[in-house]
Amino acid sequence: MSKDWTDFGITIPQGKTGEVATTCPQCSPHRKKQNVKCLSVNVDKGVWHCNHCDWRGTLKSGAEERSNPYAWTPKTYRKPEYRPEPQPESGSLVDWFAARGIPLEVVKRNRITIGKVYMPQLEEEVNAIRFPYYRAGEVVNIKSRDHRKNFRMETGAERILYGLDDCAGADVLIIVEGEIDKLSLEVAGFLNSVSVPDGAPSPKAKDYTSKFSFIEGAEDFLSGFQRIILAVDNDEPGKKLEEELARRLGRERCWMVQWPEGCKDANDVLVKRGRDTLRECIEQVRPYPVQGLFDVADFSPQIVRLYDNGHVSGAKTGWPCLDRFITFAPGQWSLVTGIPGSGKSEFIDALLVNLALAYGWTFAVFSPENYPLELHVQKLAEKFVGKPFFGRSRMDRTELDKAVRWVNERFTFMLPEADELTVDRILNLAKIAVRRKGIRGIVVDPWNEIDHNRPANLSETEYISQSLSKIRRFAREHDIHVWVVAHPAKLRKEKDEAGRMVYPVPTPYDVSGSAHWRNKADNAVTVHREIGSDDSMVQVHVQKVRFKTCGKPGVVELRYDYFTGRYSDPEGRTVRSIGGNDECPY
Ligand SMILES: Nc1ncnc2c1ncn2[C@@H]1O[C@H](COP(=O)(O)OP(=O)(O)OP(=O)(O)O)[C@@H](O)[C@H]1O
């Protein structure tokens, strides 16, 4: 028997035929805008499709099963048409470049033209200079720029580096911040330069991962250079671009340029000081500071920034009561301990979700206890949506889809083969994630799942010391925060104030292995609760904070919601805060 619309919960106004817009029984009841008619139905053909949640089907064969809605699908890009007409040898284009010290032959070689372009921000067609982005002789994108400095790149086209084809066979690559800077370097005799497609991130931007999307498609290209010169602008966004490029491409092969006083970028140098000075700037580069080798000159901008802006704390946890005691800064590592089942993993997951939401941070997570992976995604999705995965009030399909896509963008999971479960291997995988995804944090949960096959010549203490040093080095080198979850050695129950036998709050000194845990960690946190009690309160003991700008020892309570895995900050429930000259129990 053939089915009708009511079998699928679809409401068609009586007598309507042809194309009808109506609400979607799958997603509308769960949306804020419940009355929006997001379901397109063709009544005559008996087919439907929801423009919001992608639910589709036909009366004949029913609702379509979504095979793997989250599967990776290759990105498809549009290739713009670019047929440069011969340009006049004089006039506005030539004059514009001449004023910037770029001669006609360089404009011609780079096939730059002037033409009419629709500028969405102006909602009109204007005359604009057009910079074609070539890769292997083919135009992949075009940057258009009008005389008021409005920019546009082609819709749906891939964002790649500008000037890729000029660098084939070079050992050294120069990266600049704009097309004109790249052309300026050509004038100074350096063809081996590329410009980032989107300029530098704004100093206030929290999430600027999309500015670096060109790296993923250029991995092979970028890996071919022994030396990379970062010749970006001499301003705050330029500094941010320089730091992020060095962090992702590897500081050890990056070099920095110092522009002369009063010059902002390569083109400024060309115009104000001439091509010889620009050449000298590129020839007199300084190595990017790497861990362990610093001159005060290497970090003088940071000193001035510190003087001007004051101390910068770490990233806030998302729970104001806890923020008073600990914030998590890049370049550091934190020990997280607690008795089994105290909620260490839940707490870390909730923290990462908060950091991802507030700062756009991305993470690589080694958490074999959270496998199979779908269980881990379940926990992260619950925290993101604020609804459980199962049960009557669970998240709907639209919320699930949104959550899974979000988790996919923010989290990478590391699980090396059983015979490669070493600290080195995990850090190697994390290094790739830094380059590709710009991750800001790593979680190792727990430490004892790593294969600690220590060399015969090392004691356990020496081995732990070495491994923790590697972690510290990695955090600093890549400017990321590392959280290591480690279990305490066997604890004995003790009598509490009420005479009950309870487990004491473990300290970093209780962590199996050695006192190096306490000494080497930048921060130490214990997640503690009385297992078995009905109370959903969890204590977070901040037992060590190395840098006072990031916090101070103290204890707070958070309330745990078992169904969503979220923690909330019950106003006024701070157990005690210890700081300043107060006696500190840790
Ligand atoms: N405050 C709480 N109240 C009730 N249940 C909790 C609380 N915190 C965590 N749980 C539950 O306890 C279980 C263990 O949590 P989790 O895996 O985070 O602990 P853990 O400290 O990482 O454990 P392990 O040391 O065994 O790895 C989970 O089912 C979690 O939902």
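On a predicted model such as this, the values are computed, not experimentally measured, just so you know.

## Some thoughts on the packing of aromatic side chains
Here a ring pair, both rings aromatic, is described through the centre-centre distance and the interplanar angle of the planes.
Then, in step 1: This model, assessed by the stated rule, comprises 26 aromatic pairs.
Then, in step 2: Ring centres 6.1 Å apart and planes at 80° place the aromatic pair F97 and F131 in the edge-to-face group. With F97 in helix α1 (residues 92–98) and F131 in strand β7 (residues 124–135), the pair connects residues that are 34 residues apart, well separated along the chain. Comparing F97 with F131 shows no difference in burial state: the two are buried.
Then, in step 3: Taking the centre distance of 5.1 Å and the plane angle of 70° together, the rings of F221 and F225 count as edge-to-face.
Then, in step 4: With relative accessibility at 6%, the residue F225 sits in the buried group.

## A closer look at the site of the ligand
Then, in step 1: Residues in close proximity to the ligand total 15 residues, the closest being K344, S345, E346, H487 and Y560.
Then, in step 2: At 3.0 Å from an oxygen atom of the ligand is found a side-chain nitrogen or oxygen belonging to E369.
Then, in step 3: Note that an oxygen atom of the ligand is positioned 2.8 Å from one of the side-chain N or O atoms of H487.
Then, in step 4: Contact with the protein chains covers 75% of the free accessible surface of the ligand, which is 640 Å².
Then, in step 5: Examining the composition of the shell around the ligand, we find that 3 residues originate from one element, helix α11 (residues 344–359), more than from any other.
Then, in step 6: Residues of the shell around the ligand, tallied by class, amount to 5 nonpolar, 6 polar and 4 charged.

## Examining the pattern of salt bridges
Then, in step 1: Using the criterion set out here, one finds 27 salt bridges in the structure.
Then, in step 2: Measuring nitrogen to oxygen at the nearest pair gives 3.4 Å for the salt bridge that ties R130 to E154. Note that R130 is positioned in strand β7 and E154 in the loop between β9 (151–153) and β10 (172–176), a separation of 24 residues in sequence.
Then, in step 3: With a shortest N-O distance of 2.9 Å, E399 and K387 are connected by a salt bridge. Pair noted here: E399 is in helix α13 (residues 397–410) and K387 is in the loop between α12 (373–385) and α13, with a separation of 12 residues, a long-range link.
Then, in step 4: Here the salt bridges share partners, and the residues they tie into one network are R109, D166, K182 and E186.

How each quantity is defined
Just so you know, the residues in each chain are numbered from 1, in the order the chain's sequence is written. Only residues with pLDDT of at least 70 get local features here, since the model is predicted, and only at 80 or more are side-chain atom pairs given and counted; chain-wide, interface and lining totals rely on the full set of residues. With hydrogens and water excluded, all non-hydrogen atoms of the structure serve as input to the side-chain values. Classification of ring pairs uses Phe, Tyr and Trp, with its six-membered ring standing for Trp, and accepts pairs whose centres are within 6.5 Å; under 30 degrees between planes counts as stacked, over 60 as edge-to-face, and the remaining range as tilted. Numbering of helices and strands starts at the N terminus; helices are DSSP runs of H or I of at least 4 residues and strands are runs of E of at least 2. Each residue is placed in one exposure class: buried if its accessible area under a 1.4 Å probe, protein chains only, is under 20% of its type's maximum, exposed if it is over 50%, and partly exposed if it falls in between. Residues are labelled near a given molecule or strand when at least one of their non-hydrogen atoms is within 4 Å of it. The definition of a polar contact used here is a pair of N or O atoms within 3.5 Å, where within protein one atom must be able to donate a hydrogen and the other to accept one, and adjacent residues in sequence count solely through side-chain atom pairs. Residue-level accessible areas treat just the shown protein chains as cover; the underlying method is Shrake-Rupley with a 1.4 Å probe. Put simply, Ala, Val, Leu, Ile, Met, Phe, Trp, Tyr, Cys and Pro go in the nonpolar bin, Asp, Glu, Lys and Arg in the charged bin, and everything else, Gly too, in the polar bin. Salt bridges are defined by distance alone: a side-chain nitrogen of Lys or Arg within 4 Å of a carboxyl oxygen of Asp or Glu.

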